[in-house]
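The chain contents come next:
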Amino acid sequence: MRGMGNMQNMMKQMQKMQKKMAEAQEQLGEEKIEGTAGGGMVTVVVSGHKEVLDVIIKEEVVDPEDVEMLQDLVLAATNDALKKADELTNSTMGHFTKGLNLPGMF
């Protein structure tokens, strides 16, 4: 019956790891990550869960004659913010799966 004790210990460790992962996920959701474009003319703020929280556009970049440029800046700032959110997620959650080689996990 020695194996049962090891199994119970392993289950307790897994439960602890699940709790820590849930806490880390919650903390990620509270993070605010900024992405910028055009030298700071457009800023997009996202949460660690990749929800767009704010879009800030400086007045001087708004040109009714060149809407395409503004669209490109918003797109670039959004992609920058999402990339940074991915990097934060990988650095925060990656240590939970380190060495496990699980495809598609953080």
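As shown above, the structure is provided for reference.
Cut-off values and rules
Residues numbered from 1 in each chain as written. Predicted model: local features only at pLDDT ≥ 70, side-chain atom pairs only at ≥ 80, totals over all residues. Heavy atoms only, no water. Core = buried A, V, L, I, M, F, W, Y, C linked by side-chain atoms within 4.5 Å. Buried < 20%, exposed > 50% of the residue type's maximum accessible area, 1.4 Å probe, protein only. Helix = DSSP H or I, 4+ residues; strand = E, 2+ residues; numbered from the N terminus. Contact = heavy atoms within 4.5 Å. Pairing = 2+ DSSP bridges.

### Section: the nonpolar core
Link 1 in the chain: Judged by nonpolar contacts, Ile33, Ala37, Val42, Val44, Val46, Val61, Leu70, Leu73, Ala77, Ala81 and Ala85 together constitute the single largest core of eleven residues.
Link 2 in the chain: Listing elements by their share of this core, those giving two or more residues are β1 (32–37), β2 (42–47) and α2 (67–97).
Link 3 in the chain: Considering each element in turn, this core owes the most residues, five residues, to α2.
Link 4 in the chain: Sequence-distant contacts of Val46, defined by excluding residues within four places in its chain, comprise Glu31, Lys32, Ile33, Glu51, Val52, Leu53, Ala81, Leu82 and Ala85.

### Describing the pairing of β2
Link 1 in the chain: Counting buried positions along β2 gives six out of six residues, so the element sits mostly inside the fold.
Link 2 in the chain: Judged by which residues are buried, β2 turns out to be covered on both faces: Val42, Val44 and Val46 on one side and Thr43, Val45 and Ser47 on the other are all buried.
Link 3 in the chain: Relative to β2, β1 runs antiparallel, the two sharing six bridges. Bridge pairing in β2 links Ala37 to Val42.
Link 4 in the chain: Linking two consecutive strands that pair antiparallel, namely β1 and β2, is a turn of four residues; a positive phi of about 65° is found at Gly38 within it.
Link 5 in the chain: With five bridges joining them, β2 and strand β3 (residues 52–57) adopt antiparallel strand pairing. For Val44, the partnering residue across the bridge sits in β3 and is Val55.

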